[in-house]
Amino acid sequence: MTVAVLRRRPGLVRLRTNRPLLYVLCLGFVCLVVLTALLAPWLAPADPNAADLGNALAGTSTAHPFGVDASGRDTLSRLVTGARTSLLGPLGVVAFSTVAGVAIGIAAAWRGGWLDSVLSRSTELVFAFPGMLLAILIVSVYGEGLFAPVIALAVAYLPYVSRLTRSLALAERERPYVSAYSVQGHSGLQVCLRHLLPNIAPVVLAQSAINFGYALIDLAGLSFLGLGVPALTPDWGRMVFDGQTAVQRGYPLSAFLPCAAIVLTVVAFNVVGERWADQVARRDR
């Protein structure tokens, strides 16, 4: 991302080229969402599941700044509390797929031979099966909840991480420091964990940030289809699903706000991930 340097003029703040305004804003938004998820029980002004059918679809008020949904539940409380569930699922997807993908990629690159062929062909088979379809099939068998779709999407994301890790590890393996440590008697496991892995970690971390946004969209889509978290669980995707009735009756906030939260969070994670990737690329030039 190229950012022009602003000259110092009255009323303007000069930006550093290594800290673009968009990246700073997105990073701040990511931190804000994460803090909201962590502090949700204390930030929510009301019980997110407290229904008041007599007050259903009421407009904004002092007690309910963003109104209430079709069940009379406070929209702001569900939006704040839903941040926790909406981020927890993608975190599980990224954590599992990254750990497993990095292990498979490094093993394939380091050992080579038949192990590389078996692992590479196995991960390529997963590419032939869409992740969302796999998640829908698993959820239809095990029922709604967060565990089944997280595992399904993690398996679907695993090949992307493993192929990236394998290509990075193959490049690192040809560097002189690997041969030097091997000559000094370090085992392959020691070289990979202490030296090779830290060198490829920044790229993997950047890709994980981007994968987080994709996972958030996928899980929100499953919740919108009624295949994700249970009905009473506050979740942004589930809020969009529940807000369809409110939109039809002219009260769009209960559906619009979680949509906006999903879009802004995904964009923020993508911008942050791409920025990290650009920084690594410039460092390696």
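About the criteria used
Residues numbered from 1 in each chain as written. Predicted model: local features only at pLDDT ≥ 70, side-chain atom pairs only at ≥ 80, totals over all residues. Heavy atoms only, no water. Helix = DSSP H or I, 4+ residues; strand = E, 2+ residues; numbered from the N terminus. Buried < 20%, exposed > 50% of the residue type's maximum accessible area, 1.4 Å probe, protein only. Contact = heavy atoms within 4.5 Å. Areas by Shrake-Rupley, 256 points an atom, 1.4 Å probe, with all protein chains shown as cover. Axes fitted to C-alpha atoms, helices over the stretch in contact; angles between N-to-C directions. Left-handed = near helix turned anticlockwise from the far one by under 90°. Nonpolar A, V, L, I, M, F, W, Y, C, P; charged D, E, K, R; others polar. Salt bridge = Lys/Arg side-chain N within 4 Å of Asp/Glu carboxyl O. Phe/Tyr/Trp six-rings, centres within 6.5 Å; stacked < 30°, edge-to-face > 60°. Lys NZ or Arg CZ within 6 Å of the ring centre and 35° of its normal. Core = buried A, V, L, I, M, F, W, Y, C linked by side-chain atoms within 4.5 Å. pLDDT = per-residue confidence, 0-100.

A. Structural context of the overall build of the protein. Each helix and strand in the protein was counted, giving 11 helices and 0 strands. Listed N to C, the secondary structure of the protein is α-α-α-α-α-α-α-α-α-α-α in terms of helices and strands. The burial tally for the protein puts 41% of its 285 residues in the buried class. At a minimum sequence separation of 6, the contacts of the protein that also span at least 24 residues come to 70%. Surface summary for the protein: the accessible area is close to 15,400 Å², and the carbon and sulfur share equals 65%.

B. Highlighting the packing of helix α3 (residues 75–111) against helix α4 (residues 113–127). Close contact between α3 and α4 brings their axes to 7 Å; oriented N to C, the two are set at 145°. At the point where α3 passes α4, the crossing takes the left-handed sense. Residue-level contacts link I104, A107, A108 and R111 of α3 to G113, L115, D116, L119 and T123 of α4. Here the residues of the contact of α3 with α4 sort into 5 nonpolar, 2 polar and 2 charged.

C. Focus on the pattern of salt bridges. A full pass over the atoms with the stated rule returns 3 salt bridges. Salt-bridge contacts for R73 lead to D69; the nearest nitrogen and oxygen are separated by 2.9 Å. D242 is paired through a salt bridge with R238; the nearest N and O atoms lie 3.8 Å apart. With D242 and R238 both in helix α9 (residues 236–242) and 4 residues apart, this pair spans about one turn of that helix. Of the two residues, D242 and R238, neither departs from the other in class, the shared state being buried. Taken together, the salt bridges that share partners define one network made up of D69, R73, R238 and D242.

D. Just the packing of α3 against helix α6 (residues 147–173), in detail. Running from amino to carboxyl end, α3 crosses α6 at an angle of 35°, the nearest separation of the two axes being 6 Å. Crossing of α3 against α6: the hand is right-handed. Among the residues making up the contact of α3 with α6, the classes are represented as 18 nonpolar, 8 polar and 3 charged.

E. Quick peek at the packing of aromatic side chains. According to the stated counting rule, one finds 2 aromatic pairs in the structure shown. Measuring from ring centre to ring centre gives 4.3 Å for F212 and F269, while their planes differ by 25°; the resulting arrangement is stacked. In this pair, F212 sits in helix α8 (residues 188–224) while F269 sits in helix α11 (residues 253–283), placing the two residues 57 residues apart along the sequence. Neither residue differs from the other here; F212 and F269 are each classed as buried. Arranged with centres 6.3 Å apart and planes meeting at 85°, the rings of F224 and F241 form a pair that is edge-to-face. Taken together, the residues F224 in helix α8 and F241 in helix α9 connect sequence positions 17 residues apart. Taking the relative accessible area as the measure of exposure, F224 reaches 32% and is therefore partly exposed. The side chain of R275 reaches across the aromatic face of Y23, ending 5.8 Å from its centre.

F. Expanded view of the environment of V139. One can find V139 in helix α5 (residues 131–142). Sequence spacing of V139 and L222 is 83 residues, and the spatial spacing of their C-alpha atoms is 9.3 Å. Apart from the residues lying within four places of it in its own chain, the contact partners of V139 are E144, A148, P149 and L227.

G. Structural view of the nonpolar core. One finds L79, L87, F212, L216, W236 and I262 to be the most contacted residues of the largest nonpolar core, which totals 22 residues. When residues of this core are traced back to their parent elements, those giving at least two are α1 (21–38), α3, α8, α9 and α11. The greatest single-element share of this core, amounting to 8 residues, is contributed by α11. The contact partners of L216, leaving out residues within four places of it in the chain, are S86, L87, P90, I262, T265 and V266. Ranked by size, the runner-up nonpolar core spans 13 residues in total, among them I106, V161, A169 and V191.

H. Up close: the environment of L137. With respect to the helices and strands, L137 occurs in helix α5. When the C-alpha atoms of L137 and P149 are compared, they prove to be 9.3 Å apart, with 12 residues separating the residues in sequence.

I. Spatial organisation of the confidence of the model for the protein. Mean pLDDT over the protein stands at 81; residues scoring 70 or higher make up 88%. Predicted confidence for residues 1–18 stays below pLDDT 50, and this span has 14 contacts to residues more than four positions away or in other chains.

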